[in-house]
Amino acid sequence: MNRRDFLKSSVVTSGSVLLANSPSAGAASVTAGAIEPVSSPASPRPRLPDLSPAKWIWYPSGRTLQNTFILFRREVSLKARPRRATGWIAAESRYKLEVNGQRIQWGPPPSDPRWPEADPLDLTDALHEGKNVIGATVLFYGVGDGTWPIGKPGFLFRLEIEHADGSKEIIASDASWKAHLARAWRPGQYKRWYLRALQEEFDARQYPHGWSTVDFAVNQDWLSAMPLAGSPNKPALSAGYYEYMLDVGGGPADTELRPRSIPLMRESLVPVSKLTEHFAIEWRRTPQEYFEVRPPNAFKAVGPAAVTEKAHGQWQVNLDGTHSAALTFELGEQVVGWPFFTIEAPAGTTVELLVHEAHQPGGPPLLNTHFDSWTRFICREGKNRFETFDFESLRWLQLHVHGGNGPVTISEVGVRRRVFPWPHEPRLRTNEPALQRLFDASINTLHNCAQETLVDGMARERQQYSGDGAHQLHAVHLAFGETRLPARFLTTFSQGLTKDGYFLDCWPAYDRLARLVERQLDLSGWGPILDHGVGFNFDCWHHWQYTGDLDALREPYPRLVRFAQYLQSLVGRDDLLPVEDLGIPSVWIDHVAYQRQRHKQCAFNLYAAAMLQHALAPICRAFGDTRQAEAAAVFGEKLQAAAVKRFWSRDRHLFVNNLPWLAEEKNLRTCDRSLATAVLFDQCPKGHTDAAIRSLADCPPEMGFSYPCNAGWRLWALAKGGRVDVIVKDLRTRWATMTSVKENNTLQEDWDAHHDSGEQWSHCAVAPLYIAYHGLMCLKPLAPGFKRVELRPQLGDLEALELVAHTMRGPIHFTAQGRPGARQVTIEAPTDCEAEILLPQEETVALTPAQRKAPRGLRAYQLPTGQAVRLTLRFC
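Okay, so let's go over this structure. In this text the structure is predicted, and so the values were computed from the model without any measurement. Each chain carries its own residue numbering, running from 1 in the written order of its sequence. At least 70 in pLDDT is required for a residue's local features to be given in this predicted model, at least 80 for side-chain atom pairs to be given and counted, and no such filter applies to totals for whole chains, interfaces and linings, which use all residues. Side-chain measures were taken over the full set of non-hydrogen atoms in the model, leaving aside hydrogen atoms and water.

1. A word on the overall build of the protein
Inference 1: For the protein, the helix and strand inventory stands at 17 helices and 38 strands.
Inference 2: By the compact-globule yardstick of 29 Å for 876 residues, the protein fits well, its C-alpha radius of gyration being 29 Å.
Inference 3: With respect to the three principal axes, the spread of C-alpha positions in the protein is 80 × 65 × 65 Å.
Inference 4: For the exposure calls, accessible area comes from a 1.4 Å probe over protein chains only, and a residue counts as buried if that area is under 20% of its type's maximum, exposed if over 50%, partly exposed in between. Buried positions account for 62% of the 876 residues belonging to the protein.
Inference 5: Partitioning the contacts of the protein with sequence separation of at least 6, the portion at a separation of at least 24 is 73%.
Inference 6: The sign given to each residue is positive for Lys and Arg and negative for Asp and Glu; His and the chain ends receive no count. By convention, the point assigned to a charge is CZ for Arg, NZ for Lys, CD for Glu and CG for Asp. Here the protein contributes 96 positive and 97 negative side-chain charges, whose respective centroids are spaced 4 Å apart. Here a strand is any run of E in DSSP of at least two residues, a helix any run of H or I of at least four, and the numbering for each starts at the N terminus. The quantity called the radius of gyration is restricted to C-alpha atoms. Its globule counterpart is 2.2 Å times the number of residues to the power 0.38. Here, two residues are considered to be in contact whenever any of their heavy atoms come within 4.5 Å of each other.

2. What to know about the packing of aromatic side chains
Centre distance and the angle of the planes are the two values used to describe a pair of aromatic rings.
Inference 1: Between 30 and 60 degrees the pair is tilted, below 30 it is stacked and above 60 it is edge-to-face, where a pair is any two Phe, Tyr or Trp rings, Trp via its six-membered ring, whose centres lie within 6.5 Å. Evaluated as defined, the whole model comprises 54 aromatic pairs.
Inference 2: An angle of 15° between the planes, with centres 4.9 Å apart, marks the rings of F72 and F155 as stacked. With F72 in strand β2 (residues 68–78) and F155 in strand β8 (residues 154–162), this pair connects stretches of sequence that are 83 residues apart. We note that F72, like F155, is buried.
Inference 3: Ring plane angle 65° and centroid distance 6.2 Å describe the contact between F489 and F536, whose orientation is recorded as edge-to-face. A residue pair is termed long-range when its members are at least 10 positions apart, and F489 in helix α5 (residues 484–494) and F536 in helix α7 (residues 530–547) qualify at 47 residues. We note that F489, like F536, is buried.
Inference 4: Among the aromatic residues, ring-to-ring pairing joins F69, W106, W185, F202, Y207, W338, F341, F377, F386, F389 and F391 into one connected group.
Inference 5: Lysine and arginine charges are scored as sitting over a ring when NZ or CZ, respectively, is within 6 Å of the ring centre and within 35 degrees of the ring normal. We note R559 situated over the ring of W115; from NZ or CZ to the ring centre the distance is 5.7 Å.

3. Some words on the nonpolar core
In summary, soluble globular proteins display a tendency toward joint burial of nonpolar side chains.
Inference 1: If you look at the biggest cluster of nonpolar residues, it comprises 245 residues, and the most contacted ones within it are F72 and F157.
Inference 2: The element best represented in this core is helix α9 (residues 601–622), accounting for 13 residues.
Inference 3: The next biggest cluster of nonpolar side chains, apart from the first, holds 13 residues, and it includes F279, F291, A298 and A326. Put simply, buried Ala, Val, Leu, Ile, Met, Phe, Trp, Tyr and Cys residues joined by side-chain atoms within 4.5 Å make one nonpolar core.

4. Brief notes about the pairing of strand β24 (residues 392–402)
Inference 1: Counting buried positions along β24 gives eleven out of eleven residues, so the element sits mostly inside the fold.
Inference 2: DSSP-based pairing: two strands are paired if at least 2 bridges between them are found. By the bridge criterion, seven bridges tie strand β21 (residues 350–356) to β24 in an arrangement that is antiparallel. Among the inter-strand pairings, E352 is bridged to a residue of β24, identified as H400.

5. Digging into the environment of P271
Inference 1: When you line up the elements, P271 lands in strand β15 (residues 266–271).
Inference 2: Through-space distance from the C-alpha of P271 to that of K499 is 48 Å; in sequence the pair is 228 residues apart.

6. Side note on the sheet that holds strand β32 (residues 788–791)
Inference 1: Taken together, four strands build an open sheet; the order of strands is β31-β32-β36-β37 and the sheet is mixed. Since the sheet does not close on itself, it has two edges, and those belong to β31 (780–781) and β37 (858–863), each with one partner.
Inference 2: Where β31 and β32 come together, two bridges link them in antiparallel fashion. Considered in β32, the bridge of K780 is made with E790.

7. Let's talk about unusual backbone geometry
Inference 1: P53 follows S52 through a cis peptide bond whose omega is 10°.
Inference 2: Assignment of secondary structure puts P53 in the loop between α1 (3–9) and β1 (57–58).
Inference 3: Despite not being glycine, N67 shows a phi value in the positive range, around 55°.
Inference 4: Structurally, N67 can be placed in the loop between β1 and β2.
Inference 5: Exposure remark for N67: the relative accessible area of 0% places this residue in the buried category.
Inference 6: Despite not being glycine, I589 has its phi angle at roughly 65°, a positive value.
Inference 7: Of note, I589 is situated in the loop between α8 (557–570) and α9.
Inference 8: The class for I589 is buried, based on a relative accessible area of 1%.

8. Examining the packing of helix α14 (residues 712–720) against helix α17 (residues 767–776)
Inference 1: Following both chains from N to C, one finds α14 and α17 inclined at 15°, their axes separated by 10 Å at the closest point. By the criterion of interaxial angle, the relationship of α14 to α17 is roughly parallel. In this structure, α14 crosses over α17, and the sense of that crossing is right-handed. Contact with α14, carried on its side by G712, L715, W716 and A719, involves A767, Y770, I771, H774 and G775 of α17 and no other residues of that element. Axis definition: a line fitted to C-alpha atoms, over the contacting stretch in the case of helices. Angles run 0 to 180 degrees between N-to-C directions. We call two directions roughly parallel when the angle between them is under 35 degrees, roughly antiparallel when it is over 145, roughly perpendicular when it lies between 65 and 115, and oblique otherwise. The hand of a helix crossing depends on one turn: near helix anticlockwise from the far one by less than a right angle means left-handed, and clockwise means right-handed.

9. Observations concerning a nonpolar patch on the surface
Inference 1: Residues qualify for a patch when their relative accessible area is over 30% and they have no salt bridge, like charges being joined within 9 Å and the nonpolar side chains of Val, Leu, Ile, Met, Phe, Trp and Tyr within 5 Å. In these tables, accessible area is a Shrake-Rupley quantity obtained with a 1.4 Å probe, and a residue counts as shielded only by the protein chains included in the view. Salt bridges, as used here, are contacts in which a Lys or Arg side-chain nitrogen is within 4 Å of a carboxyl oxygen on Asp or Glu. On the surface, a cluster of nonpolar side chains totalling about 330 Å² of accessible area is made up of V517, L521 and L523.
Inference 2: Inspection of the secondary structure assignment puts V517 in helix α6 (residues 511–520).
Inference 3: By relative accessible area, which is 54% here, V517 ends up exposed.

So, in structure tokens, the structure goes:
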């Protein structure tokens, strides 16, 4: 049955939609064409082995305050070095593992508390003959964080040791472990800000130094750990400990502790590049009061501090007992990791370590202008090496030293950087220094935002989004060849589906949980963003196209369908999805491209229509759900038809955002998002795209222009329309000139960036990176997993470009040299794929024509694979 016949045969009942998980769902009448609930297809998801006899353990207690640290210690004696020592570790909320005083790893990754992940262990090289100590520092956030939404405390450990003779021994978390309530960090410490749980304050005088080494002797402050109830293969949520602040229960029946699905992060030490400036600070209020509540006029800088550089990387600061000293260091580029420093000072000397993304020397003397991003360390007598427990994103590191009198020595200042262990190093080269710097900044930005979750920025929120935030997935796939991290993104984001059917669109994070309450009381304009749920369908579809891995979609799939049902329930009498008065959720689309909320309705409906037809419907077909596919496609067609009816200007051949209200508003408004979506998904009636492409190229004042993270839509549409000249110009003049590119080797959040502000200077707006693949190379899979692939080189006036696109079939090498009119292009595609190239009709090449119709003005040719193909092109 075709769609037209399907529509004719449908019995349409206005407002009748089957809602999954609704108490009356079984009795609801199902509209023909309505999207129906589906169960999750059988999933081959990896599972943990039986972790018995391990138990979830905790410090013996009846409640746990927020930001409580517990030290867990276990002695292990071995007759010889082990042949193998492997296992699993999990904790709520974060742990740092040490063996014999040496740092091993930090985790676990941000997860839904119902389905968290346990980290793998390999302590083979860390254990030795004789006595060993395994130590874990565990932090329970207890309050929401951008990396942790909610949960209960606990620690789980299971290590299987295989001895030289083949015998095996299990070291498991149980009552034999010793637990210490670490008062070096005050239990109940206040929160840093809305999306950062820990405002760390560490007093080295109260820390049991050397506790994870063999020479340490425990005392009465080390208690036998308290085993918790329940299965070790269930999360801490289900282990029975009472969570007193929110009265959290044990979770649904299908809670499960899962194996970590991505590798552990790679860590390296990065020293600061220099001490840039320093100040002596005179306090009018106490530093304690200032850092707690920030009263105005609490201090002033009174000139440089008494600082001398004793040796390279070592500074002496002379404190006079009256003034504090602020030393501001900078790094060569913005990084994510754990800041550290060493200080030799009298006991009680206090250091606030402040971090910032962007500082202007000569600006604020204290860098406390970025969401209270500071950590306090209090020295014991002598030499102290300090490192933050939680990671930061920074290019500037400041040490504010006070509370002492006399000389102190500071050295070894830097950051323990964390980066995802990519399977491939990106290869993207051009002969233009400014563009090369832009591409390098895009890559460094991905190092900072694509780690265990795919976040917008690590300095402010540290939470992953779909929609604008998920465009980085294209670069993760193509530039780095990484598939596990995107697959994990699909799983973890999808787990944030609400019972009503919309996604908590930055899951797993605290933000949208808080917004649910705030929206009920009209205390926030931010609700769970519906357009991010639309974008998530595209994320799933793109992942399938890039990898051919349908298994990664098995868990998200029924949630995608449920979300589509929810959208159906919103459709108004005008057959459109509303963007106002939605209750708890909200429609965002972009925050700078629109003058009024109602102007977003055109873009939102075109976006949803495209998703239903070009993402969800094909996914349904892939799972064999032809009825669901048809229903999704029909729903999309109806939305598109309604959007055309309401917003298409026949005389202008444009979608006009305020066409229904033009008589009232007087001035016409369009947006790059609506126009780009219409071009990309052929939504302009009768193929009238010329006006849209011209508007996207010229950027007239009536066209709303999206912020950088959404700017890729316009560039994609321009690529499809053959306007690569505009793309290249944009990269040179709009992107490569960004202040963050020049100063931080990153991409900033907004088109204008300001120092010493709360703005994000390393933000996931990596359009220059993925548009190199999508717009200059014009690479596109024609079949899942790149079984078939299409290229359409269009380089504008670029004289040199080298790209390597990593696919499931192997790398695709692309190089171009020369000016327009005499350009040499070399392409090598892997043997195990069918490759085609689209070229202007005017080109003459010795290639076999492909057996398919090419877009207007182009011809398709087959590309030989497994060998380098050299072409001389005059019109690309």
